[in-house]
Amino acid sequence: MKRILLIIGIIVGITALGLGGYGYYLYDSAKNAVNDMQEKVEMDNPKPVIQGKDLKPISILLLGVDERKGDSGRSDTMIVASVNPNTEKMFMFSIPRDTRTEIIGRGYEDKINHAYAFGGTQMALDTVEKFLDSPIDYYVKVNMESFRDIVDAVGGVEVNNPRAFEYEGNSFPVGVQELNGKEALSYSRMRYEDPKGDLGRNDRQRQVITSIIDKGARVTSITKFDNILSILGDNVKTNMTFDEMKNIQKNYKNARNQIESTEIKSSGKKIDGVYYGIVNDTERARIQTLLKENLE
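Starting from 1, residues in each chain are numbered consecutively following that chain's sequence as written. The model is predicted, so local features are restricted to residues of pLDDT at least 70 and side-chain atom pairs to those at 80 or more, both for listing and for counting; the totals for chains, interfaces and linings are taken over all residues. Values shown for side chains rest on all heavy atoms present in the structure; no hydrogens or waters enter the calculation.

A. Structural detail: the overall build of the protein. Counting from the N terminus, the helices are DSSP H or I runs at least four residues long and the strands are E runs at least two residues long. A tally of helices and strands in the protein yields nine helices and 14 strands. In what follows, residue pairs with any heavy atoms lying within 4.5 Å of each other are defined as contacts. Of the contacts formed within the protein by residues at least 6 apart in sequence, a portion of 68% connects residues at least 24 apart. In these tables, accessible area is a Shrake-Rupley quantity obtained with a 1.4 Å probe, and a residue counts as shielded only by the protein chains included in the view. Surface summary for the protein: the accessible area is close to 13600 Å², and the carbon and sulfur share equals 46%.

B. Representation of the packing of aromatic side chains. Between the rings of Phe, Tyr and Trp (Trp by its six-membered ring), a pair exists once the centres lie within 6.5 Å; its type follows the angle of the planes, with under 30 degrees stacked, over 60 edge-to-face, and the other angles tilted. Scanning the entire structure with this criterion turns up four aromatic pairs. Taken together, a centroid distance of 5.5 Å and an interplanar angle of 45 degrees make the contact between Phe91 and Phe93 tilted. With respect to burial, Phe91 and Phe93 carry one shared label: buried. Clustering of aromatic rings is evident, with ring pairs tying together Phe165, Phe172 and Tyr187. A ring has a charge above it when a Lys NZ or an Arg CZ is no more than 6 Å from the ring centre and no more than 35 degrees off the ring normal. Above the plane of the ring of Tyr276 lies Arg100, whose end atom (NZ or CZ) is 4.6 Å from the centre. For Arg106, the ring lying beneath its charged end belongs to Phe118, and the centroid distance is 4.3 Å. Think of it in three bands: with a 1.4 Å probe and only protein chains considered, a residue is buried below 20% of the maximum accessible area for its type, exposed above 50%, and partly exposed in between.

C. Molecular detail of the layout of surface pockets. The distinction between a cavity and a pocket rests on a 1 Å grid over the protein atoms alone: a 1.4 Å probe fits inside a cavity but cannot get out, while a pocket stays open yet meets protein on both sides within 12 Å along at least five of seven lines, and a residue with an atom within 4 Å of a point counts as lining. Grid points are joined across faces, edges and corners, and a volume is the space filled by probe spheres set on the points. In this structure, the largest pocket spans a volume of roughly 370 Å³. If you trace the largest pocket, you find 18 residues lining it, with Asp98, Arg191, Gly197, Asp198 and Tyr275 closest to the centre. Sorting the residues of the lining of the largest pocket by element identifies helix 6 (198-218), strand 13 (267-271) and strand 14 (274-278) as the ones contributing at least two each.

D. A look at the pairing of strand 5 (residues 108-111). By this definition, two strands are paired if DSSP reports at least two bridges between them. Here strand 4 (residues 100-103) runs beside strand 5; their pairing, made up of four bridges, is antiparallel. Its bridge partner lying in strand 5, Ile103 is registered against Tyr108. Adjacent in sequence and paired antiparallel, strand 4 and strand 5 are bridged by four residues, among which Gly105 carries a positive phi angle near 100 degrees.

E. A look at the packing of helix 3 (residues 114-132) against helix 9 (residues 281-294). Under this scheme, a helix contributes an axis fitted over its contacting stretch, all axes are lines through C-alpha atoms, and angles between N-to-C directions fall in the 0 to 180 degree range. Two elements in contact, helix 3 and helix 9, have axes separated by 9 Å at closest approach and are oriented at 100 degrees. The pairing of helix 3 with helix 9 is recorded here as roughly perpendicular in orientation. Here helix 3 contributes Lys130, Phe131 and Leu132 to the contact with helix 9, which in turn contributes Arg284, Ile287, Gln288, Leu291 and Lys292. Residue composition of the contact of helix 3 with helix 9, grouped by class: four nonpolar, one polar and three charged. Roughly parallel covers angles under 35 degrees, roughly antiparallel covers those over 145, roughly perpendicular covers 65 to 115, and oblique covers all other angles. Gly counts as polar in this scheme, as do all residues outside two lists: the nonpolar Ala, Val, Leu, Ile, Met, Phe, Trp, Tyr, Cys and Pro, and the charged Asp, Glu, Lys and Arg.

F. Up close: the confidence of the model for the protein. Looking at the protein, pLDDT values average 82 and 84% of them are 70 or higher. Scored below 50 in pLDDT, residues 1-22 makes 64 contacts in the model with residues more than four places away or belonging to other chains. pLDDT is defined as a per-residue confidence score from the predictor, taking values between 0 and 100.

G. Expanded view of the environment of Asp203. Mapping Asp203 onto the fold places it in helix 6. Judged by relative accessible area, Asp203 falls into the partly exposed class, the value being 23%. Separated by 15 residues in sequence, Asp203 and Ser188 place their C-alpha atoms 8.6 Å apart. In this view, Asp203 contacts Lys196 and Glu263; residues no more than four positions away in its chain are not counted.

H. Up close: the environment of Gln258. With respect to the secondary-structure elements, Gln258 resides in the loop between helix 8 (242-252) and strand 12 (259-263). Each C-alpha atom of the pair Gln258 and Met90 lies 6.2 Å from the other, and the pair is 168 residues apart in sequence. Gln258 has contacts with Thr87, Glu88, Lys89 and Met90, leaving out every residue within four places of it along the chain.

I. Quick look at the pattern of salt bridges. Salt bridge criterion: a side-chain nitrogen from Lys or Arg within 4 Å of a carboxyl oxygen from Asp or Glu. Evaluated as defined, the whole model comprises 11 salt bridges. Note that Glu260 is salt-bridged to Lys89, the shortest N-O span being 3.2 Å. Of this pair, Glu260 sits in strand 12 while Lys89 sits in strand 3 (residues 89-94), and the two are 171 residues apart along the sequence. Taking the relative accessible area as the measure of exposure, Lys89 reaches 22% and is therefore partly exposed.

Put into structure tokens, the structure is as follows:
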């Protein structure tokens, strides 16, 4: 799973607390936090129906942005999920950051993660839609610098590391282990020592986010909820409203039980001295077809 459903997972936890003494307070706090997350982008298509009897499949783009002081940032994590409430199936894949494609609004090809640096969320969204030949309904943008705070707020995460490595002063042996926020951030960032490169890093990120969602859904401490909501409000931006989050959690949650994922295959190539991931037409068509099939 991915960070896309983190907010929804937290809402599940809030709902689980019922309508007791702090129920309304938590609900109101969550609503205010989501209002702080709102960021406006131009969408070419109307949002799909996500309540009532005629539910439509939805697509969500997760942008994990590494924004530091004095840096416009890049979307180092780009994950697309399509959620079909009728087949109760979720299909997910990561777009490698070095993928060479047309940057919409610039008129030339470059690494896909540069779109955010050039034109923020809007350009990143437009570029992904062009690359996939499919509209994106919702997006969730998370500042990776807040990642450690989110992990610490839910009490740490559990991962199952397939390959031992050391990174940023942290040691990660093979096997199941508990990570705090600082360790989880390092675990998710390493890629150069991984034989799979971006794909290996994406696998580790999925592990961490799955654990965050599971932990977030089980949180019952009022103090922890306040802390989580504060972190999310400051570090997450989305075009998903509070009511839309509630409807997605209510009507689409069963799709989490049937998750399929794939990897985008590319070949490395240097062009004018710069490394790119080249996705050929056949592979691109495969990804586009799989995505569209789950959105039917």
